[in-house]
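# Results of the structural survey
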Amino acid sequence: MCQAIPREVLRIEAGKAQVLIDGRPTWVLTQALPDLRRGEFVLVYAGQALQRMDREEAETLLQEITDLDAMFDSLFEEPPDAPAEASLVPSVKGEAS
């Protein structure tokens, strides 16, 4: 699923800005956002900066995304003391344990 995610602008060059995506500096197009400045937050989707975002709103949204990811990941974790029959991943008959 594709999502528009807030990103902080690290660098600006003609018609593009560098932002961090998954920890890597990545260039996105910024033609729709004149006078963009380093340190501003933009909403990025499919390699395009769509709009500016208020820093507080961007940081709140990023935290909510992080919390959702953690909650989703926890749904698929097995408790450390769970008996084998309580496993979330069914075993295949005849498979050695």
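Residues numbered from 1 in each chain as written. Predicted model: local features only at pLDDT ≥ 70, side-chain atom pairs only at ≥ 80, totals over all residues. Heavy atoms only, no water.

## Observations regarding the pattern of salt bridges
Definition in use: The working definition used for a salt bridge is a side-chain nitrogen of Lys or Arg within 4 Å of a carboxyl oxygen of Asp or Glu. Relative accessibility decides the category of a residue: with a 1.4 Å probe and only protein chains considered, values under 20% of the type maximum give buried, values over 50% give exposed, and everything between is partly exposed. Here a strand is any run of E in DSSP of at least two residues, a helix any run of H or I of at least four, and the numbering for each starts at the N terminus.
Enumeration over the complete set of coordinates arrives at 5 salt bridges. The partner of Glu13 in a salt bridge is Arg11, with the nearest N and O atoms 2.9 Å apart. Relative accessible area serves as the criterion here: at 35%, Glu13 is assigned to the partly exposed category. Its salt-bridge partner being Arg52, residue Glu40 comes within 3.1 Å of it at the nearest N-O pair. On the criterion of sequence distance, the pair formed by Glu40 in the loop between strand 3 (24–29) and strand 4 (41–45) and Arg52 in strand 5 (residues 48–53) is long-range, its members being 12 residues apart.

## Some points on the nonpolar core
Applicable threshold: Among the buried residues, those of types Ala, Val, Leu, Ile, Met, Phe, Trp, Tyr and Cys that are joined through side-chain atoms within 4.5 Å form a nonpolar core.
In this structure, Val9, Ala17, Val19, Val28, Leu33, Leu36, Val42, Val44 and Ala49 together form the largest nonpolar core, which totals 9 residues. Elements with a minimum of two residues in this core: strand 2 (16–21) and strand 4.

## Focus: the packing of aromatic side chains
For clarity, the threshold we go by: The aromatic pairing rule takes the rings of Phe, Tyr and Trp, using the six-membered ring of Trp, and pairs them if the centres are within 6.5 Å, calling planes under 30 degrees apart stacked, those over 60 edge-to-face and the rest tilted. Whether a charge sits over a ring depends on NZ of Lys or CZ of Arg being within 6 Å of the ring centre and within 35 degrees of the ring normal.
Summed over the entire model, instances satisfying the criterion amount to 1 aromatic pair. Between Phe72 and Phe76 the ring centres are 5.2 Å apart and the planes differ by 65°, which places this aromatic pair in the edge-to-face class. Take Phe72: its relative accessible area is 51%, and that puts it in the exposed class. On the accessibility criterion, Phe76 (59% relative accessible area) is exposed. Cation over ring: Lys16 sits above Trp27, and NZ or CZ is 4.8 Å from the ring centre.

## Some details on the pairing of strand 3
Stated precisely, the cut-off is as follows: What makes two strands pair is DSSP finding at least two bridges between them.
As paired strands, strand 2 and strand 3 are joined by 6 bridges and run antiparallel to one another. Across the sheet, residue Ile21 finds its bridge partner in strand 3, namely Arg24. Remark: 2 residues form the turn of the hairpin made by strand 2 and strand 3, two consecutive strands paired antiparallel; Asp22 in that turn has positive phi of roughly 55°.

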